[in-house]
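The primary structure of each chain is shown beneath.
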Amino acid sequence: MLRSTSGRLVNALKKSLVSPTRVCAVNAVRRSHDGPEESHEEFDARYEAFFNRRDIDGWEIRKGMNDLSGMDLVPDPKIIRAAMHACRRVNDYALAVRFIEACKEKCGNRVNEIYPYIIQEIKPTLVELGIDTPEELGYDKPELALESVYEM
């Protein structure tokens, strides 16, 4: 008896509190941006200026790096250099190393061609700032990797 009464009460409350939803037609037209296209040089200059700001904080650096990581491109070495200087200004060594790792991942299947070029270009900045590459820190090898028994 109590069960059926409570069930009716719940149904009545649901109907009175929740308004019926209306289904709207979905517009399947894709909206495109017809604004001016940004050249590669303007893009590089914009991100370089973003990371070179003196008042940038750790959150903004992470935001800029995350935006770059989400794009279908490998950042230019001058953008990476500016990001390394920004990481050093906010004293975030780990973020600098992680960004280098992210740039390596962005190289995709051409990592053997692109990544050495990037390291070659940013190496003087890394030495100046005292930042090691992930390979120098041993991050390119698994931590608990054991030697193969067939190679002993």
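Look above for the structure.
Predicted model only: the values in this text are computed from it and were never measured.

Draft legend 1. Examining the overall build of the chain more closely. Check the secondary structure of the chain and you find seven helices and zero strands. In the chain, the succession of helices and strands from N to C terminus is α-α-α-α-α-α-α. Looking at the 152 residues of the chain, the share that counts as buried comes to 25%. Here the chain has roughly 11800 Å² of accessible surface; of this, 54% comes from carbon and sulfur atoms.

Draft legend 2. Spatial organisation of the packing of helix 3 (residues 58–69) against helix 4 (residues 77–89). Two elements in contact, helix 3 and helix 4, have axes whose closest approach is 11 Å; the angle formed by their N-to-C orientations is 155 degrees. Between helix 3 and helix 4, the crossing angle belongs to the class labelled roughly antiparallel. Crossing geometry of helix 3 relative to helix 4 is assigned as left-handed. Of helix 4, the residues touching helix 3 (which contributes Ile61, Met65 and Leu68) are Ile79, Ala83, Ala86 and Cys87.

Draft legend 3. Broad picture of the pattern of salt bridges. Scanning the entire structure with this criterion turns up 10 salt bridges. The salt bridge partner of Arg62 is Asp92, with a shortest N-O separation of 2.9 Å. Here Arg62 is found in helix 3, whereas its partner Asp92 is found in the loop between helix 4 and helix 5 (93–106), with 30 residues between them in sequence. Taking the relative accessible area as the measure of exposure, Arg62 reaches 41% and is therefore partly exposed. Put simply, Lys141 and Asp140 hold a salt bridge, and the shortest N to O gap is 3.6 Å. Residue classification places Lys141 among the exposed positions, given a relative accessible area of 55%. Bridged by salt links that share partners, the residues Arg53, Asp55 and Glu60 form one connected network.

Draft legend 4. Main features of the side chain of Asp44. One can find Asp44 in helix 2 (residues 40–52). No salt bridge is formed by the buried Asp44; the nearest opposite charge belongs to Lys78, separated by 4.4 Å. In this view, Asp44 contacts Asp76, Lys78 and Ile79; residues no more than four positions away in its chain are not counted.

Draft legend 5. Seen up close, the nonpolar core. Within the largest apolar cluster, 28 residues are counted, with the highest numbers of intra-cluster contacts made by Phe51, Ile61, Met65, Met84, Phe99 and Ile131. Taken together, the elements giving at least two residues each to this core come down to helix 2, helix 3, helix 4, helix 5 and helix 6 (111–129). Beyond its immediate sequence surroundings of up to four residues, Met84 is in contact with Ala96, Phe99, Ile100, Thr125, Leu126, Leu129 and Ile131.

Draft legend 6. Here's a closer look at the packing of helix 2 against helix 4. One way to put it is that helix 2 packs onto helix 4 with a least axis distance of 8 Å and a crossing angle of 10 degrees. By the angle between their axes, helix 2 is roughly parallel relative to helix 4. In this structure, helix 2 contributes Phe43, Asp44, Tyr47, Glu48, Phe51 and Asn52 to the contact, and helix 4 contributes Lys78, Ile79, Ala82, Ala83, Ala86 and Arg89. Partitioning the contact of helix 2 with helix 4 into residue classes produces seven nonpolar, one polar and four charged.

Draft legend 7. Representation of the packing of aromatic side chains in the model. Per the counting criterion, the structure on display carries four aromatic pairs. Between Phe43 and Tyr47, the ring centres sit 4.9 Å apart and the planes meet at 50 degrees, which makes this aromatic pair tilted. You can see Phe43 and its partner Tyr47 sitting in helix 2, four residues apart, about one turn around the helix. What makes Tyr47 buried here is its relative accessible area of 7%. Between Tyr47 and Phe50, the ring centres sit 6.5 Å apart and the planes meet at 70 degrees, which makes this aromatic pair edge-to-face. A residue pair is termed a helical-turn pair when its members lie 3 or 4 positions apart in one helix, as Tyr47 and Phe50 do in helix 2 at three residues. Site record: aromatic cluster; members linked through ring pairs are Phe43, Tyr47, Phe50 and Phe51.

Thresholds applied
- Residues numbered from 1 in each chain as written.
- Predicted model: local features only at pLDDT ≥ 70, side-chain atom pairs only at ≥ 80, totals over all residues.
- Heavy atoms only, no water.
- Helix = DSSP H or I, 4+ residues; strand = E, 2+ residues; numbered from the N terminus.
- Buried < 20%, exposed > 50% of the residue type's maximum accessible area, 1.4 Å probe, protein only.
- Areas by Shrake-Rupley, 256 points an atom, 1.4 Å probe, with all protein chains shown as cover.
- Axes fitted to C-alpha atoms, helices over the stretch in contact; angles between N-to-C directions.
- Parallel < 35°, antiparallel > 145°, perpendicular 65-115°, else oblique.
- Left-handed = near helix turned anticlockwise from the far one by under 90°.
- Contact = heavy atoms within 4.5 Å.
- Salt bridge = Lys/Arg side-chain N within 4 Å of Asp/Glu carboxyl O.
- Lys, Arg positive; Asp, Glu negative; His and termini not counted.
- Core = buried A, V, L, I, M, F, W, Y, C linked by side-chain atoms within 4.5 Å.
- Nonpolar A, V, L, I, M, F, W, Y, C, P; charged D, E, K, R; others polar.
- Phe/Tyr/Trp six-rings, centres within 6.5 Å; stacked < 30°, edge-to-face > 60°.

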